[in-house]
Each structure stands twice: as C-alpha cells, then as structure tokens.
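Chain by chain, the residues run as shown.
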Amino acid sequence: MTVARVTARSRVSRKTFYELFDDREDCFLALFEEAVAEIAPTVVSAFEEGRGWRGRMRAGLGALLGVFDDEPAVALLCVVEALGGGLRVLELRGRILQVLMDVVDRGRLESSASRGLPVLTAEGVVGAVLSVLYTRISERGAGSAASERGVGAAATRRLPAGQTSALGASGVRGSGGEPLVELLGPLMSMIVLPYLGPAAAHKELSRPVPAAAGDAGSRRGEHDPLQALEMRLTYRTLRVLAAIAARPGANNREIADQAGIIDQGQASKLYARLERLGLIHNTGPQLRRGASNAWRLTANGQRVQETLRV
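This structure is a prediction, so every number in the text was calculated from the model and none was measured. (Residues numbered from 1 in each chain as written. Predicted model: local features only at pLDDT ≥ 70, side-chain atom pairs only at ≥ 80, totals over all residues. Heavy atoms only, no water.)

Q: Quick question: what am I supposed to make of the pattern of salt bridges here?
A: Side chains that differ in charge, positive against negative, can pair when their charged atoms come close. Scanning all chains against the criterion turns up eight salt bridges. With its nearest N and O atoms 3.6 Å apart, the salt bridge here joins D26 to R88. One end of the pair, D26, is in helix α3 (residues 24-49); the other, R88, is in helix α6 (residues 87-105), and 62 residues separate them in sequence. Linking R108 and D105 is a salt bridge whose minimum nitrogen-to-oxygen distance equals 2.8 Å. On the accessibility criterion, R108 (21% relative accessible area) is partly exposed. (Salt bridge = Lys/Arg side-chain N within 4 Å of Asp/Glu carboxyl O. Helix = DSSP H or I, 4+ residues; strand = E, 2+ residues; numbered from the N terminus. Buried < 20%, exposed > 50% of the residue type's maximum accessible area, 1.4 Å probe, protein only.)

Listed below in structure tokens is the structure:
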C-alpha cells in the first residue's frame, strides 16, 4: 500500500494526506486505533455480563468472533495485517495482547490444581487462539479489495466533512468458509483445558453456539433498550446519536454541525448527559495527549441507536 494509492482511493491530495498523517505508518496506526476503539465496547460489555471467569471468557470471545464475522475487513486488519505494521502499530498490538493474557491468566485462580501453572501458560493460550484465527481469517478471503477500501478511507478520518466510516465500509461477511463464531466451542476448549482440565474442555466442545454470538440482530437482544433510559428522547438527542453513529470519533463541533445544534454550550451539556447514561464515551484523550474529544457510541448506545433507526 502506497501513499499514492491511499490518496487515489480516498480522493484527497498528497498535501492533504500529509496534513493529516506524518507518513503511511501513521495512517495505518490511525485505522488500527479506530478498529480497536470500535470493537472494545462490544467485547468488554459482553465480557462483563458473563458469570465467573469461564462464562466471561466465553461471552467476550463470542462477541469478538461475532464482530469479526460482521466486519471481515476489520478482522483482517486486526489479526493479519497488523503484524506487518511498523513499530508503533506493533507496540499497540503488544499492549492489547498483554490485556488479553492478563484476563486469561485469571484462570489460574479457578482451581487448586491450576494455581501452580506458570504465567507463560496464558501467553501460550492467547498465541494458540490467535494462530487459529489468523489461518481462518486469511483463508476466508476478505481480500485485498476490502483491505484497500479500509486503508484508503482511513485517510479521510480527520477531514472536517462528513465521510463514511472506514470501518463500516465492509459490513458483509467474508466469502467462503464457515462463520468464525462456529469456532467458539473449540477455542474455549483450548482456553479452559490447562486451567480446568479435560472434562471442562470437552464440555465446551459440546455447548451449542448461542444465537447472541452468531447474529448481529440477535446480539442486540429481544428487550427494548429504550425502556431503561432515564431521559426523554428529544429530536435533538436523536440527531446527536445518529451523527455519532455515522461518524465515530467525531469531535464536539463536528457532531453539533451534523445534528444542527448552534449553541455549543447546549451541545456540551447533552454530550455529558449521554455519557453519564452510558450511551456514548470519549476516546480522544486516551489515544493522544492533548487530543480533542472523540465521541463514540457504547454497546448500549449502539443498541439504542439501532432501535431508533429501525
């Protein structure tokens, strides 16, 4: 992937590209950061709803596989292409893997027999799972076209005009092969085996894949998320949620412009209220020091927005 190809696909000049990014690696890093920020709320929300270490691992992994099935270009980016990134990309990937290893390592506390296992066990488990996913995602053939579409659109991520999200451009399942969610049982069996033993591993193989992990509509659940909201949904609120959904990572002014709000003070109060209700979260300060606000919908915010859209 060259800068020339990125600018051609995103229809911006080289001058504009270098106003947005230091170089090609900086562009790739921005896309990788956006992918992580988009996936994390869904996976973390599912993980926290699980019961016990084993239940949480299954819920979080199921959510991740579901996202990867719905967004094959994102799966290709995170699992396959990130390995070819530069030093900063690999450093971010390493921090993410460390979080995953820490979560898996909690399995040592599940039984007296597993307490003597070395910390290295978790690293081996995560590496094995990633190896399986790497092979399946590569074989699934999301293809170079999907990859180019994601990287090309990323170059417009920081433009002020409303653009289609790079990560939403490929919301179709990869051609060929079984859905990744079908690997939930085998992968869970690999994860629990060293900590809970063969019987628990065999049980994971026999457990059916829950509907909540295999279908985007089912993952949202049958309940009405609007019933739990402790606020009156005004037209302005709907416009703000729709603006954030259309352009994840937008700042205060960009959202207000898209939603038709002139008073920036009123807009700021609305963002704060939506954040307190757990519908949106600010990812800007965490990514770069001194960065402006970058608002995204939480998992619950996505459910609310999708319900309103329907």
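So, next bit.
Q: Please clarify how the side chain of T121 should be interpreted in this entry.
A: Considering the arrangement of structural elements, one finds T121 in helix α7 (residues 120-140). A polar contact is formed between the side chain of T121 and the backbone oxygen of P118, at a distance of 3.0 Å. Leaving out residues up to four positions away in the same chain, T121 has contacts with P194 and Y195. (Polar contact = N/O pair within 3.5 Å; in protein donor to acceptor, adjacent residues only side chain to side chain. Contact = heavy atoms within 4.5 Å.)

Q: In this structure, what is going on with unusual backbone geometry? I would like to understand it.
A: Trans is the prevailing form of peptide bonds, just as negative phi is the prevailing case for residues other than glycine. With a phi angle near 60°, R11 is a residue other than glycine that sits in the positive phi range. The residue R11 is located in the loop between α1 (3-10) and α2 (14-20) in this model. The exposed category is assigned to R11, whose relative accessible area is 79%.

Q: Looking at this structure, how should I read the layout of surface pockets?
A: In this approach the atoms are scanned with a rolling probe the size of a water molecule, which exposes any empty space left behind. Each pocket or cavity is described by its volume, and for the second largest pocket that value is around 920 Å³. Around the second largest pocket sit 31 residues that line it, and V43, L64, I96, V99 and L100 are the ones nearest its centre. Looking at the lining of the second largest pocket, the elements with two or more residues in it are α3, α4 (52-70), α5 (72-80), α6 and α7. Element by element, the count of residues in the lining of the second largest pocket is highest for α6, at nine residues. By residue class, the composition of the lining of the second largest pocket is 26 nonpolar, one polar and four charged. (1 Å grid on protein atoms, 1.4 Å probe; cavity = no way out; pocket = protein on both sides within 12 Å on 5 of 7 lines; lining within 4 Å. Points joined across faces, edges and corners; volume = space filled by probe spheres on them. Nonpolar A, V, L, I, M, F, W, Y, C, P; charged D, E, K, R; others polar.)

Q: Would you mind showing me how to read the packing of aromatic side chains here?
A: This model, assessed by the stated rule, comprises four aromatic pairs. Ring geometry for F17 and F21: centres 5.4 Å apart, planes at 50°, overall tilted. For the pair F17 and F21, one class covers both residues: buried. An angle of 40° between the planes, with centres 5.8 Å apart, marks the rings of Y271 and W295 as tilted. Taken together, the residues Y271 in helix α15 (residues 264-276) and W295 in strand β2 (residues 295-297) connect sequence positions 24 residues apart. One exposure class covers both Y271 and W295, and it is buried. Put simply, the rings of F17, Y18 and F21 touch in pairs and so form one group of aromatic residues. (Phe/Tyr/Trp six-rings, centres within 6.5 Å; stacked < 30°, edge-to-face > 60°.)

In short, shape yes, function no, at least from these values alone.
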